[in-house]
Amino acid sequence: MTSTSETSEQPTRQRLAGSKLLTPRVGLLALVAIGIVGAGLELAFERHWQTPVQFIPWSALLLLGIALVLLAAGGSPRTLTVVRVLALVVLLASAYGVYMHVSVNYGAGAFDPAWEGLSPLTQWWYALTKSVGSAPPLAPGMLAQSALLLLLASTIKRPGH
């Protein structure tokens, strides 16, 4: 015998499962939106606008936002191409951001007296893991993650299309 709460939940679950609102595509788009907001907040908290280079991730977020709206609003082949190109531009910006953060950290290692005694591989490892410097190398990865999710969402057809 089933309990009353289990039987009353079944129709709700069936309605949600059959709903056009809860699709993998919508879930991916929601994750992209969350990534954009999260990265924007992180950039704002870090006051990431002191130099012209620090505006690159802000531009990348703008491109992601535009691509997200385009993908959510339509699915024509031309729109999909634009979305994918924008996502690829953001991926490139993200890779550049990781490179810049690691490079800045590597440069900060010169202030450590023991730096010259370390092997180049160890120096780069320390720069990558933020053992030296203060630039978070994985922060630009948030942009890459959102861009990849957007690319993935662009491969899923909209319901009814």
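Anything mentioned here points back to the structure above.
Conventions and cut-offs
Residues numbered from 1 in each chain as written. Predicted model: local features only at pLDDT ≥ 70, side-chain atom pairs only at ≥ 80, totals over all residues. Heavy atoms only, no water. Helix = DSSP H or I, 4+ residues; strand = E, 2+ residues; numbered from the N terminus. Buried < 20%, exposed > 50% of the residue type's maximum accessible area, 1.4 Å probe, protein only. Areas by Shrake-Rupley, 256 points an atom, 1.4 Å probe, with all protein chains shown as cover. Core = buried A, V, L, I, M, F, W, Y, C linked by side-chain atoms within 4.5 Å. Contact = heavy atoms within 4.5 Å. Phe/Tyr/Trp six-rings, centres within 6.5 Å; stacked < 30°, edge-to-face > 60°. Expected span 1.5 Å × (residues − 1). Arc of directions from axis to C-beta.

Asks: Any chance you could break down the overall build of the protein chain for me, citing the residues and the numbers?
Replies: The helix and strand inventory of the protein chain stands at 6 helices and 0 strands. In sequence order, the protein chain lays out its α and β elements as α-α-α-α-α-α. Classification of the 161 residues of the protein chain by burial places 30% in the buried group. As displayed, the protein chain has an accessible area near 10,300 Å², and 69% of this comes from carbon and sulfur atoms.

Asks: So what about the nonpolar core? Which residues, and what values?
Replies: Counting 24 residues, the largest nonpolar core has L61, L64, L71 and L150 as its most contacted members. Of all the secondary-structure elements, those providing two or more residues to this core are α2 (24-45), α3 (56-73), α4 (77-108) and α6 (141-153). Those residues in contact with L61 that lie beyond four places of it in its chain are I36, A39, G40, L43 and L143.

Asks: Could you give an account of the environment of Y99, naming the residues involved and the relevant values?
Replies: By secondary structure assignment, the location of Y99 is in helix α4. On the accessibility criterion, Y99 (53% relative accessible area) is exposed.

Asks: Which residues make up the packing of aromatic side chains, and what values do they have?
Replies: Summed over all chains, the structure comprises 3 aromatic pairs. Centre to centre, the rings of W49 and W58 are 6.4 Å apart; their planes meet at 40°, and the pair counts as tilted. The class of W49 is partly exposed, set by a relative accessible area of 39%. The interplanar angle of 75° and the centroid separation of 5.4 Å between the aromatic rings of Y106 and W115 together place this pair among those described as edge-to-face. Look at Y106 and you get partly exposed, because its relative accessible area is 24%. One aromatic cluster in this structure is built from Y106, W115 and W124.

Asks: Let's hear about the environment of V69: which residues, and what values?
Replies: Considering the arrangement of structural elements, one finds V69 in helix α3. Of the residues examined, V69 reaches a relative accessible area of 56% and is grouped as exposed. Each C-alpha atom of the pair V69 and L29 lies 9.3 Å from the other, and the pair is 40 residues apart in sequence.

Asks: Before we move on, could you go through α2 and cite the residues and values that matter?
Replies: Taking 1.5 Å of rise per residue, 22 residues should cover 32 Å, and α2 covers 31 Å from first to last C-alpha, within 8% of that figure. Residues R25, L28, L29, V32, G35, I36, A39, G40 and L43 constitute the buried set of α2. Projection of α2 onto a plane perpendicular to its axis shows the buried side chains occupying an angular sector of 125°, all on one side. With respect to the buried face of α2, the exposed residues turned more than 90 degrees away are I34, V37 and F45. Where α2 ends, the next residue or the one after it, R47, has phi of about 50°, a positive value.

Asks: An account of unusual backbone geometry is needed here, citing residue identities and associated values.
Replies: Note: most residues except glycine have negative phi, and most peptide bonds are trans. Look at R47: it is not a glycine, yet its phi comes out positive at around 50°. Along the chain, the position of R47 falls in the loop between α2 and α3. With phi around 60°, K130 is a residue other than glycine that occupies positive phi space. Position of K130 among the secondary structure elements: in the loop between α5 (120-128) and α6. The exposure class assigned to K130 is partly exposed, which follows from its relative accessible area of 41%.

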